[in-house]
Amino acid sequence: MKRLSYLIISSFMFLIASCTPKSRDGVDLDQFSSYWFQGKAEINVFDLQQSRYGEVREGNAVMIFVTEDFSRRKQVKLDDPSGVGADARKVLKLNMTREFVTGIYPYHTMLSVFTPVNDEVNSYKLVSTVTEWCGQAFTQMNWKNSKYQIQSFSYFESEGDQELNIEAQAEDELFNLIRINPELIPEGDARLIPSLVYQRFAHVEMNDYRAKISKEDIGNNSSELVVDYPSLKRTLKIQYKSFFPYEILSWEEIQTKANGDQEVTKAVRRKLELSDYWNKNEKVFEPLRKDLGL
């Protein structure tokens, strides 16, 4: 009986251990906590030059980075993290928006990425929306059972409503990995799910594609991450500070067309501010938007 009890307990402990993600290497948690756990979000405002319909449109992009307590099981922000034990995981959340106008009508995009700080797994969840006067599109990706379970909805007939699974890393989480530690991004060949906003704009098939990742020191204490997709003829470049907290300085998307012409979208940061913005929702705080240049 004692041996049977020992086997049951051992099997249970093994099951718990096998369900617990491996911890990330190379993350200085003391350094990370001193910046990211001070109860504020980091708001970054960018001047945006968005290539759309063969022309470059002036606009703005905003990247908001903030840490949250997240449910690994439900994959939502927790209301009471103290009551759920190990299900509560610390994530770095990116909310990224773009706003620009095409002729008479506006475009609004939003991307949300929830990346675990301590766990060596892909981002738990990604959500993307694109809205404009013609209609709207929505995509949600949840990392479960070692793959992304994806739901995608669009007003375009060719894209329609889809449910599919993809076993690959998401390009959109690279921004968060840079902020945690750029060394978490290996160089070389990879299979990536391209940016969700790019997929909507380019109407490419929702899938993973071969990519080549490289990093380079570009001087002035800055580095550049380059992601090149040969089959898509698309390149993403992200410039960031080479030291903690690895601030994002700019990003650029280069699309080469069949005739060799290039369409370039670029965003350059002009403002950074730390703020508990969720506590500033009264009219008296509206002038703060002008301070951000919005």
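How each quantity is defined
- Residues numbered from 1 in each chain as written.
- Predicted model: local features only at pLDDT ≥ 70, side-chain atom pairs only at ≥ 80, totals over all residues.
- Heavy atoms only, no water.
- Helix = DSSP H or I, 4+ residues; strand = E, 2+ residues; numbered from the N terminus.
- Rg over C-alpha atoms; globule rule 2.2 N^0.38 Å.
- Buried < 20%, exposed > 50% of the residue type's maximum accessible area, 1.4 Å probe, protein only.
- Areas by Shrake-Rupley, 256 points an atom, 1.4 Å probe, with all protein chains shown as cover.
- Lys, Arg positive; Asp, Glu negative; His and termini not counted.
- Charge placed at Lys NZ, Arg CZ, Asp CG, Glu CD.
- Pairing = 2+ DSSP bridges.
- Core = buried A, V, L, I, M, F, W, Y, C linked by side-chain atoms within 4.5 Å.
- Phe/Tyr/Trp six-rings, centres within 6.5 Å; stacked < 30°, edge-to-face > 60°.
- Polar contact = N/O pair within 3.5 Å; in protein donor to acceptor, adjacent residues only side chain to side chain.
- pLDDT = per-residue confidence, 0-100.
- Contact = heavy atoms within 4.5 Å.

1. Brief notes about the overall build of the protein chain
Now for step 1: Counting its secondary structure elements, the protein chain contains five helices and 15 strands.
Now for step 2: Relative to the globule expectation of 19 Å for 294 residues, the C-alpha radius of gyration of the protein chain, 21 Å, shows essentially globular dimensions.
Now for step 3: Taking the principal axes of the C-alpha coordinates as reference, the protein chain spans close to 75 × 45 × 40 Å.
Now for step 4: The buried share of the protein chain, reckoned over its 294 residues, is 46%.
Now for step 5: Surface summary for the protein chain: the accessible area is close to 15600 Å², and the carbon and sulfur share equals 50%.
Now for step 6: Across the protein chain, 37 positive and 43 negative side-chain charges occur, with their mean positions spaced 4 Å apart.

2. Re the pairing of strand β4 (residues 105-116)
Now for step 1: Within β4, nine of the 12 residues are buried, which leaves the element mostly enclosed by the surrounding structure.
Now for step 2: Sheet analysis places strand β3 (residues 88-102) next to β4, joined by 12 bridges and oriented antiparallel. Bridging across to β4, R98 finds its partner in T109.
Now for step 3: In this structure, the hairpin formed by β3 and β4 is closed by a connection of two residues, where G103 is found at a positive phi of approximately 65°.

3. Thoughts on the nonpolar core
Now for step 1: With 55 residues, the main nonpolar core has M63, L225, V227, I248 and W251 as its most contacted residues.
Now for step 2: Of all the elements, helix α3 (residues 174-180) adds the most residues to this core, at five residues.

4. Considering the packing of aromatic side chains
Now for step 1: This structure, assessed with the given rule, holds 18 aromatic pairs.
Now for step 2: Aromatic pair F32 and W36: ring centres 6.1 Å apart, planes at 35°, arrangement tilted. Of this pair, F32 and W36 both sit in helix α2 (residues 29-36), four residues apart, which is roughly one turn of the helix. W36 matches F32 in its accessibility class, with the two residues each being buried.

5. Examining the side chain of R57
Now for step 1: Tracing the chain through its elements places R57 in strand β2 (residues 55-71).
Now for step 2: Polar side-chain contacts of R57 include one of 3.4 Å to the side chain of E55.

6. Remarks on the confidence of the model for the protein chain
Now for step 1: The predicted model of the protein chain averages 92 in pLDDT, with 93% of residues at 70 or higher.
Now for step 2: Scored below 50 in pLDDT, residues 4-18 makes zero contacts in the model with residues more than four places away or belonging to other chains.

7. So, the pairing of strand β12 (residues 222-229)
Now for step 1: Across the eight residues that make up β12, a large majority, seven, are buried.
Now for step 2: For strand β11 (residues 209-219) and β12, the ladder comprises seven bridges, and the chain directions are antiparallel. Bridge pairing in β12 places D217 opposite S223.
Now for step 3: Taken together, β11 and the strand that follows it, β12, pair antiparallel across an intervening segment of two residues, in which N220 is found at a positive phi of about 55°.
Now for step 4: The sheet contact formed by β12 and strand β13 (residues 234-241) spans eight bridges and is antiparallel. Its bridge partner lying in β13, L225 is registered against I238.
Now for step 5: The hairpin formed by β12 and β13 contains four residues between the paired strands, and K233 there has a positive phi angle of roughly 55°.

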